[in-house]
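Residue strings, one per chain:
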Amino acid sequence: MARPLLATKLYVPKLRRALVTRPRLGDRLRRGAESRLTLVSAPAGFGKTTLLAEFLGEDRCVAWLSLDAADNEPGSFWTYVVTALRTAVPGFGPGVLELLDATPVPIEVVLTALVNDLAAVPHPVWLVLDDYHLVEHREVRDGMAFLLEHLPPHVHVVLSTRADPDLPLSRWRVRGELVEIRAADLRFTSGEVAAYLNEVAGLDLAAPDVAVLEQRTEGWIAALQLAALSIRGRDDVRGFIARFAGNDRYIVDYLVEEVLRKQPGPVRDFLLDSSVLDRLSGPLCGAVTGHEDAGGMLVTLERANLFLVPLDDRREWYRYHHLFADVLRARLLSERPGQVPVLHQRASGWYERHDLAEDAVRHALAAVDHDRAAHLMELAVPALRRHRQDAVLFGWLQALPDAVVRRSPVLSVSYGHMRLTFGDLAAVEPRLADAERALAAVPDGAAPPWSDSAELHTLPATIAVYRAALAQAHGDVPGTARHARRALDLAGPEDHLARGAAAGLLGLAAWAAGDVPVALQTFTQAVTSLHAAGNLTDERSGTVLLADMHLAAGRPGTARRLCEHMLRLAQEQGQPVPRATADLHVALSELDHEAGDLQGARRHLETAAAFGEHASTTEGRHRWFVAMARVADAEGDPEQAGALLDRAEQLYMRGFFPDVRPIPAVRARMWIARGDLAQAAGWARDRGLSAADEVTYLREFDHLTLVRLIVAQHRAGDGAGVIDQALGLLERVAAAAESSGRAGSLVEARVLQALAHDARGDRPHALEALGRAFAEAPEPDGYARLFLDCGAPMAELLRAAGDPGRRLLNLVAPADGPLSGRELQVLRLLDSELSGPQIARELFVSLNTLRAHTKHIFTKLDVTSRRAAVRRARERGLL
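For every chain, the first residue of its written sequence is number 1, and the numbers climb from 1 along that sequence. Where local features are concerned, this predicted model is filtered to residues with pLDDT of at least 70; where side-chain atom pairs are given and counted, the filter is 80 or more; whole-chain, interface and lining totals use all residues. With hydrogens and water set aside, each side-chain value is computed from the structure's full complement of heavy atoms.

## Here we look at the overall build of the protein
Reasoning step 1: Secondary structure is summarised from DSSP: a helix means a run of H or I of at least four residues, a strand means a run of E of at least two, and numbering begins at the N terminus for each. When helices and strands are tallied, the protein shows 48 helices and eight strands.
Reasoning step 2: Referenced to the eigenvectors of the C-alpha coordinate spread, the extents of the protein come out at roughly 115 × 85 × 50 Å.
Reasoning step 3: The buried label goes to any residue with under 20% of its type's maximum accessible area, the exposed label to any with over 50%, and the partly exposed label to all in between, with areas taken from a 1.4 Å probe on protein chains only. By residue count, 56% of the 879 residues in the protein fall in the buried class.
Reasoning step 4: Using a 1.4 Å probe, accessible areas were evaluated by the Shrake-Rupley method; residue-level cover was limited to the displayed protein chains. Put simply, the protein shows about 36,300 Å² of open surface, and 52% of that area lies on carbon and sulfur atoms.
Reasoning step 5: Neither His nor the chain ends contribute to the count of charged residues, in which Lys and Arg are positive and Asp and Glu negative. Charge coordinates come from a single atom per side chain, which is NZ of Lys, CZ of Arg, CG of Asp or CD of Glu. Across the protein, the centroid of the 100 positively charged side chains sits 3 Å from that of the 114 negatively charged ones.

## Remarks on helix α3 (residues 74-88)
Reasoning step 1: Taking 1.5 Å per residue, 15 residues should reach 21 Å; α3 reaches 22 Å between its end C-alpha atoms and fits that length.
Reasoning step 2: With twelve of 15 residues buried, α3 lies mostly within the body of the structure.
Reasoning step 3: Buried residues of α3: Pro 74, Ser 76, Phe 77, Trp 78, Thr 79, Tyr 80, Val 81, Val 82, Thr 83, Ala 84, Leu 85 and Ala 88, and no others.
Reasoning step 4: Side-chain atoms alone can form a polar contact between residues adjacent in sequence; in general such a contact is a pair of N or O atoms within 3.5 Å, and within protein one must be able to donate a hydrogen while the other accepts it. Measuring from the side-chain oxygen of the N-cap residue of α3 to the backbone nitrogen of Gly 75 gives 3.0 Å; that N-cap residue is Glu 73. The span expected for a helix works out to 1.5 Å for each residue beyond the first.

## A look at the packing of aromatic side chains
The description of an aromatic ring pair rests on the distance of the ring centres and on the angle between the ring planes.
Reasoning step 1: By convention, a stacked pair of Phe, Tyr or Trp rings (six-membered ring in the case of Trp) has centres within 6.5 Å and planes under 30 degrees apart, an edge-to-face pair has planes over 60 apart, and any other such pair is tilted. Counted under the stated rule, the structure contains six aromatic pairs.
Reasoning step 2: Between Trp 350 and Tyr 351, the ring centres sit 5.3 Å apart and the planes meet at 80 degrees, which makes this aromatic pair edge-to-face. Of the two residues, Trp 350 and Tyr 351, both sit in the buried class.
Reasoning step 3: Taking the centre distance of 5.1 Å and the plane angle of 80 degrees together, the rings of Trp 624 and Phe 625 count as edge-to-face. In terms of burial, Trp 624 and Phe 625 fall into one category: buried.
Reasoning step 4: Note on criteria: charge over ring means Lys NZ or Arg CZ within 6 Å of the ring centre, with the direction from the centre no more than 35 degrees off the ring normal. The ring of Phe 701 has Arg 669 lying over it, and the distance from NZ or CZ to the ring centre is 3.9 Å.

## Details of the sheet that holds strand β7 (residues 308-310)
Reasoning step 1: One bridge is not enough; two strands pair if DSSP finds at least two bridges between them. Judged by pairing direction, the sheet is antiparallel, and its three strands sit side by side in the order β6-β8-β7 without closing on themselves. The open sheet is flanked by β6 (280-281) and β7, the only strands paired with a single partner.

## Observations concerning the environment of Leu 706
Reasoning step 1: Within the secondary structure, Leu 706 sits in helix α38 (residues 700-715).
Reasoning step 2: Between the C-alpha atoms of Leu 706 and Arg 30, which are 676 residues apart in sequence, the distance is 63 Å.
Reasoning step 3: Residues in contact with Leu 706, not counting those within four places in the same chain, are Trp 683, Ala 684, Leu 689, Ser 690, Ala 691 and Leu 729. Residue contacts are defined here by distance: any two heavy atoms, one from each residue, within 4.5 Å place the two residues in contact.

## Notes on the layout of surface pockets
Reasoning step 1: Of the voids in this model, the second largest pocket is the one considered here, and its volume is about 800 Å³.
Reasoning step 2: For the lining of the second largest pocket, the elements supplying multiple residues, two or more each, are β8 (317-320), α17 (322-335), α19 (357-366) and α21 (390-399).
Reasoning step 3: The biggest single contributor to the lining of the second largest pocket is α21, with five residues.
Reasoning step 4: Here the lining of the second largest pocket is composed, by residue class, of 13 nonpolar, seven polar and twelve charged. Points on a 1 Å grid over protein atoms alone make up a cavity when a 1.4 Å probe fits among them but cannot get out, and a pocket when they form an open set with protein on both sides within 12 Å along at least five of seven lines; lining residues each have an atom within 4 Å of a point. Grid points are joined across faces, edges and corners, and a volume is the space filled by probe spheres set on the points. Under this grouping Gly is polar, as are all residues other than the nonpolar Ala, Val, Leu, Ile, Met, Phe, Trp, Tyr, Cys and Pro and the charged Asp, Glu, Lys and Arg.

## A closer look at the packing of helix α5 (residues 107-119) against helix α6 (residues 138-149)
Reasoning step 1: Running from N to C, α5 and α6 cross one another at 35 degrees; their axes reach a closest spacing of 10 Å. Of the two possible hands of crossing, α5 and α6 adopt the one that is right-handed. Where α5 abuts α6, its residues Ile 107, Glu 108, Leu 111, Thr 112, Leu 114, Val 115 and Leu 118 lie against Glu 139, Gly 143, Phe 146 and Leu 147.
Reasoning step 2: When the residues that make up the contact of α5 with α6 are grouped by side-chain class, the tally is seven nonpolar, two polar and two charged. Interaxial angles span 0 to 180 degrees and are taken between N-to-C directions of axes, which are lines fitted to C-alpha atoms, for helices over the stretch in contact. Note on convention: the crossing is left-handed when the near helix lies turned anticlockwise from the far helix by less than a right angle, right-handed when the turn is clockwise.

## Some details on the sheet that holds strand β4 (residues 155-161)
Reasoning step 1: As summarised here, the arrangement of the five strands in space is β2-β3-β4-β1-β5, forming an open sheet in which the pairing is parallel. Every interior strand has two partners, whereas the edge strands, β2 (62-66) and β5 (178-182), have only one. Across this sheet, the average inter-strand angle for adjacent strands is 15 degrees, counted without regard to direction.
Reasoning step 2: When strand β1 (residues 37-41) meets β5, the two strands line up parallel, connected through five bridges. Across the sheet, the residue bridging to Leu 39 is Glu 180, located in β5.

## Concerning the pattern of salt bridges
Reasoning step 1: Counted as salt bridges are all cases of a side-chain nitrogen of Lys or Arg within 4 Å of a carboxyl oxygen of Asp or Glu. According to the stated counting rule, one finds 54 salt bridges in the structure shown.
Reasoning step 2: In this structure, Arg 28 engages Asp 185 in a salt bridge whose closest nitrogen and oxygen atoms are separated by 3.0 Å. Here Arg 28 is found in helix α1 (residues 23-30), whereas its partner Asp 185 is found in helix α8 (residues 183-186), with 157 residues between them in sequence.
Reasoning step 3: Each of Arg 36, Glu 149, Arg 171, Arg 175 and Glu 177 takes part in salt bridges that share partners, so that together they form one network.

## What to know about the confidence of the model for the protein
Reasoning step 1: Across the chain, each position has a pLDDT score giving the predictor's confidence in that residue, from 0 to 100. For the protein, the average pLDDT comes to 84, and 91% of its residues sit at 70 or higher.
Reasoning step 2: Counting interchain partners and residues more than four positions distant, the pLDDT-below-50 stretch residues 1-7 has 27 contacts.

## Focus on the nonpolar core
Reasoning step 1: The biggest cluster of nonpolar side chains holds 98 residues, and the ones touching the most others in it are Leu 301, Tyr 320, Leu 400 and Trp 511.
Reasoning step 2: For this core, the element with the highest residue contribution is helix α26 (residues 459-473), accounting for nine residues.
Reasoning step 3: Look past the residues within four positions of Tyr 320 in its chain and what remains in contact with it is Phe 270, Leu 271, Ser 274, Ser 275, Leu 280, Leu 301, Leu 306, Phe 307, Leu 308, Ala 325 and Leu 328.
Reasoning step 4: Put simply, a nonpolar core is a bunch of buried Ala, Val, Leu, Ile, Met, Phe, Trp, Tyr and Cys residues held in one set by side-chain atoms that sit within 4.5 Å of each other. In terms of nonpolar packing, the next biggest core, distinct from the first, is built from 84 residues, Leu 588, Ala 608, Val 707 and Leu 752 among them.

## Digging into the pairing of β8
If a strand is regular, its side chains alternate between the two faces of the sheet.
Reasoning step 1: Residues of β8 alternate between two faces, with Trp 317 and Arg 319 on one and Tyr 318 and Tyr 320 on the opposite face, all of them buried.
Reasoning step 2: Relative to β8, β6 is paired through two bridges, and the arrangement is antiparallel. Bridge pairing in β8 links Ser 281 to Trp 317.
Reasoning step 3: Where β7 and β8 come together, three bridges link them in antiparallel fashion. By the bridge assignment for β8, Val 309 is matched with Arg 319.
Reasoning step 4: The hairpin turn running from β7 into β8, its antiparallel successor, is six residues long, and Arg 315 in that turn takes a positive phi close to 60 degrees.

## Remarks on the packing of helix α24 (residues 428-440) against α26
Reasoning step 1: Contact pair α24 / α26: the axes reach a minimum separation of 11 Å and the direction vectors enclose 160 degrees. Considered as vectors, α24 and α26 are oriented roughly antiparallel to each other. Classified by chirality, the crossing of α26 by α24 is left-handed. Here Val 428, Glu 429, Leu 432, Ala 433, Ala 435, Glu 436 and Leu 439 of α24 lie close against α26, whose contacting residues are Leu 459, Ile 463, Tyr 466, Arg 467 and Leu 470.
Reasoning step 2: The class makeup of the residues in the contact of α24 with α26 is nine nonpolar, no polar and three charged. Relative orientations are named as follows: roughly parallel for angles under 35 degrees, roughly antiparallel for angles over 145 degrees, roughly perpendicular for angles from 65 to 115 degrees, and oblique for any other angle.

In structure tokens form, the structure reads like this:
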């Protein structure tokens, strides 16, 4: 639930008159056009904003964003950045805004889309982020580092900040890609101090007096401005300047008190009362201070140079100079502490009436009005959930006393959901129990003491849904099903969201138990309910899980048709949701990979990335990286594959869906295929795997990977006798898969039986098992990768298996005929440590001739690299 974008945040501050012309700083800022980043870093009151506003007013394309403490939520931050850019470049970035509005996404992918849009802008653009020190969220800081590392050369970023940002400044400094302006640079020189005091402020001070003020203020422009205000109208100017001494803190306190003391009572009261506000407008200040003409008062303050900064061209929104605001608030708290919460309550009410929930909650919390804050939060929960702003909600809940959260059923359940999302499973059930106790404590027929919202009325079903999700996270399949059925009983006929969630969890429970037919039936009902609830994003994401289940059932064609149908619907409706569309492309990539179409698999992953995300949701972001790792490995790039799996493991969140294909087992299969059996054996030991284990669906992928390891060890002359146990394990897996409708698992078990028999030298039984794999696979062509990943031994079996085997080999056969004898000779040398020139000398040919042979080999094998050519040749038994 992003806050409405106020014009105040997107306005380049206009100066009624320049303070002092400072060409030395202008020259340095102009060098920013040749650098990655311009950093203006200094404490408050050093004139950072004024300097930038003056410089950037020189006919430049400027996107200006004034930040505040509420901009830490990544979705809001990047929405504001893109919207600021749209003020400078009309029509900029609509696709990025759609991504941000639809759902949270991996920030590096959002920013990839942003960088691409920036690269398309035909002219230089300056992006200014003012008060960047207020940004503290790690994801925002990481995103800014990513953006700066990939910034197009004609885009220039300027950060104005009170503290150095957490960015790789030293690296950019060494590269000459950083322009820095710091406090020492911003301090006014003697000449600039004299120019300001005498020409701008019109004080006509003698040189000795100017020198004293320069010495006392050390060129700090805020103190100079305050001094100028206090000097005006004084008879004893020299005496005042002589007494102007001491610690900076006391100087500022003294000067501000001098300024405030000279104001009429109504003006002083208005300044103090309105200081609780970060931004000021006439209507807002009127509601808070009770002043009848608050808008007129703001105009008066601006004309009197009372540290009021206009934030838009129409002079509707303002803010106080930060330093001045700090002192005003301290004075208000000192003089009228009891008034402070009243002022915050009035501000909260104004923001609530204007549908600015985040600001309303913030002021209610500042007023220490926890009951009001809780009420506002309860009303905001549905929108926050709808827009997936978990960070905002969690921050609110943490700001409330725990007792207040526990008194509110809606907030208790929301807090439990937050803990579930963060993986703190032990903290979930106590919160759900708190909510139930609070609901039960309301007497029959009495009005509940909480916000009367739809969220409250559906809470019993929601509690049951979260209990089912908690059981799912614990791997408690019976508990998942029990609580999900309870949720269905509690949900009303029109509560499609709760019904869809409950049916979905029932489907996941059946899937975790390996009962794919029941899982398909139940999960299909869940997707239908999500559609009825109008939740199209989750409907499409649910379709991806349905596709996974159909693949497990041995129907990759059905899975593909489901995904493609949802993509067509998205296009026909004219409102494709990028997140869900990307999900579907990732699923199609996996299906292409299984069918042996690596180019198609990569193309779908690149399309998913272009849509602005690598995965569908926070709990599923790892999926893109696993899919791309498998493509990279198949193309012969094990280093990239390993790095991608590392990232996938970092992103993986346990417990949201049955972990039917664990990432460590995917990595182990890559080790086995490359012959790194020691690493794979270490994985098996860590997992406690044995060929004598009982079989369950959640360990099935591990067990099938273990069999691959045992077969490879047997071929390497190790593990004699264990291969017979592996065959017994495969029989148990096949029996369980056949009885539970898991044709996909059954086919893999038969393929591995064929490999195991062949490793034992029993070719007849190997071909018999391979024939059963063909017969029991409803759509064998959809599992080409399963066969290819088994390497040269499987290629030999396929050639010996007659038409079915040859058909599979032909799916990935060279389009331009078989390799020639010379090309096979080149291919064998490519599978060596020799360099290109060394291979040419070995063959007594020129380097150009070698390149021609290599190009033909790549074309026939449908690869683009030497490593991929060797890998593909081994798959086909050519090496």
